[in-house]
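Single-letter residue listing:
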Amino acid sequence: MDDNKLIQHKSQLNNFLAETFRSHNIECNIEKDLIIFPLQHMTAYVRIFNRSSSAMAVILQLDIHLEIGLGKTIIESCAGMGVDEDTAIKDAWKNFLTNSFHTLLSAFFSKEFGNQVNNQQWIIDGRAYDVTISNVTTRGSHPDPLPLRWLGQLEETIKIQSLTEGTHWVRFYYAQSESELISGEILLDNEVWTGIEKFVRTFDFPTYKDFFSMRVFMVLKDHSDISRMAATMAWMVGEDDDTIEQQMMADGLSLSDAEKANTFIPLAFGRVFLKGITTAEFSDEAIITDETEKETTIKLSDEPIYTSAYQLAEKIMKEGCVNQEHFQNLFIQSAEFNAYNNALKDGAKAEDMNNARFGEPVIYMPHYQPAEKKEKATENIISEKTGKKKKKPSWKFWKK
């Protein structure tokens, strides 16, 4: 298959993926080869690769990319085989719909089709995750009924792992022939999960005289996902703070954490961007003020939302993201970036600004709670929200 045919098929597959979501009542549209989900602040697209090794059959690989957060993309790879390109594509697409589609649909778009998956709640490393698990899909001949003791072992193994904050996804594939293991692959966030791969192969898998394979796919959603918070802000640029924070709260954040995200994410992104073009220095301290003008000094390194946003910005600076404009939408909101930019406009020399030292940021945040008091604070904030009062603008300014 030549490159022109691959490009043609890619466009057709984007259309087909969009139509599949629309048939499940999910609003989306296509812009510049990207499928846009405006309500979820996500994008998707399809890539196709020719994996054929002979002229006797066509083997294609479809990669479905779903950007679930800024700089965070799930890639689901599905192979298809046939006597020609169309047959191979249909086979690959069938595998995607069977193995992965409803898991992604239920995890990120709609619970209306939850009967197609298994939804659970797990506690992993002290954090609560909403877990969406696909049905076990098989190929070949296998024992009937199919023993699933291994699936319980897989779940228990994942529950005792130490995962970073945010959403994760796990893909497991097992294949055997003549009662011998051929493949036992487990991926975490698109990468081989080396920490448990060998252990997983010791599970109590069923065996059979003929070839068969089993596949399961799961998404583990943590509401403290900085990439989702950043995506919400990037997509909603231009909206007022209240609207953005209300959206974050609808996604599962407390009012206090929504305010922190709305302030700390641009702060972190601006610093990472400036670090990339200067040798500027920044204070780890910040001063929080409330409606009574009371000041509290905090260490930003003690704030998980700030530190996670800083790490995410560093990752995007290094690896990029689907829409570079979204990254810009965040760092240009930084008061420190604006101060640097305005100084250049006022005639300051770039070489002099390269070694700028920024003082402690002073941030208006009426519902601030230290990170260690988060659980108790959430209870208080929920009761306070019943009598909603207009919030002051989230001014972000700096001590002179």
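K.L.:
I'm lost on the nonpolar core in this one. Help?
P.N.:
Nonpolar side chains tend to gather and get buried jointly when the protein is soluble and globular. Residues Leu70, Met248, Phe264, Ile265, Phe269, Phe327 and Leu330 are the most contacted members of the largest nonpolar core, which totals 48 residues. Those elements giving two or more residues to this core turn out to be helix 5 (226-235), helix 6 (241-250), helix 7 (255-277), strand 14 (285-289), helix 8 (304-319), helix 9 (324-331) and helix 10 (335-345). Looking at which element gives the most residues to this core, the answer is helix 7, with 11 residues. Once residues lying within four places of it in the same chain are set aside, the contact partners of Met248 are Met229, Thr232, Met233, Leu253, Ala258 and Ala261. Ile26, Met42, Ile64 and Ile89 belong to the second largest nonpolar core, which has 35 residues in total.

K.L.:
Looking at this structure, I do not really get helix 2 (residues 85-108). What am I missing?
P.N.:
Residues spaced three or four apart along an α-helix face the same direction, because each turn holds 3.6 residues. The largest bend in helix 2 is about 50°, located at Ser100. The N-cap residue of helix 2 is Asp84: its side-chain oxygen and the backbone nitrogen of Asp86 are 3.4 Å apart.

K.L.:
Would you explain the packing of helix 5 against helix 9 in this entry?
P.N.:
In helix packing, the relevant descriptors are the interaxial angle and the interaxial distance, both defined with respect to the helix axes. Contact geometry of helix 5 with helix 9 gives a least axis separation of 9 Å together with a crossing angle of 90°. In terms of axis orientation, helix 5 runs roughly perpendicular to helix 9. Facing helix 5, whose interface residues are Ala230, Met233, Ala234 and Trp235, helix 9 presents His326, Asn329 and Leu330. Grouping the amino acids of the contact of helix 5 with helix 9 by side-chain chemistry returns five nonpolar, two polar and no charged.

K.L.:
For this particular structure, what's the right way to read the pattern of salt bridges?
P.N.:
Proximity of charged atoms lets side chains of opposite charge pair with each other. All chains considered together, the criterion is met by 13 salt bridges. When the shortest N-O distance is used, the salt bridge between Asp204 and Arg149 registers 3.3 Å. Of this pair, Asp204 sits in the loop between helix 4 (197-200) and strand 12 (212-221) while Arg149 sits in helix 3 (residues 149-159), placing them 55 residues apart in sequence. A relative accessible area of 42% means that Asp204 is categorised as partly exposed. Relative accessible area serves as the criterion here: at 54%, Arg149 is assigned to the exposed category. Glu336 is paired through a salt bridge with Arg271; the nearest N and O atoms lie 2.9 Å apart. Here the residue Glu336 occupies a position in helix 10, and Arg271 occupies one in helix 7, the gap between them amounting to 65 residues. Taking relative accessible area as the criterion, Glu336 reaches 1% and is therefore assigned buried.

K.L.:
Any chance you could explain the pairing of strand 4 (residues 58-69) here in plain terms?
P.N.:
Two faces, one strand: in a regular strand the side chains alternate between the faces of the sheet. Across the 12 residues that make up strand 4, a large majority, 11, are buried. By the bridge criterion, eight bridges tie strand 3 (residues 42-50) to strand 4 in an arrangement that is antiparallel. Each residue of the ladder has a partner; that of Asn50, found in strand 4, is Leu60. In this structure, strand 4 lies alongside strand 5 (residues 72-82), joined through 11 bridges in antiparallel fashion. Counted as the bridge partner of Gly69 is Lys72 from strand 5. Linkage of strand 4 to strand 5, two consecutive antiparallel strands, is achieved through a turn of two residues, within which Gly71 is found at a positive phi near 75°.

K.L.:
Looking at this structure, how should I read the state of the cysteines?
P.N.:
Where two cysteines share a covalent bond between their sulfur atoms, that bond is called a disulfide. This model, assessed by the stated rule, comprises zero disulfides. Cys78 provides the cysteine sulfur closest to Cys28, a residue in no disulfide bond, and the two sulfurs are 18 Å apart.

Analysis parameters
Residues numbered from 1 in each chain as written. Predicted model: local features only at pLDDT ≥ 70, side-chain atom pairs only at ≥ 80, totals over all residues. Heavy atoms only, no water. Core = buried A, V, L, I, M, F, W, Y, C linked by side-chain atoms within 4.5 Å. Buried < 20%, exposed > 50% of the residue type's maximum accessible area, 1.4 Å probe, protein only. Helix = DSSP H or I, 4+ residues; strand = E, 2+ residues; numbered from the N terminus. Contact = heavy atoms within 4.5 Å. Bend = angle between axes of the 7 residues up to and from the residue. Polar contact = N/O pair within 3.5 Å; in protein donor to acceptor, adjacent residues only side chain to side chain. Axes fitted to C-alpha atoms, helices over the stretch in contact; angles between N-to-C directions. Parallel < 35°, antiparallel > 145°, perpendicular 65-115°, else oblique. Nonpolar A, V, L, I, M, F, W, Y, C, P; charged D, E, K, R; others polar. Salt bridge = Lys/Arg side-chain N within 4 Å of Asp/Glu carboxyl O. Pairing = 2+ DSSP bridges. Disulfide = S-S within 2.5 Å.

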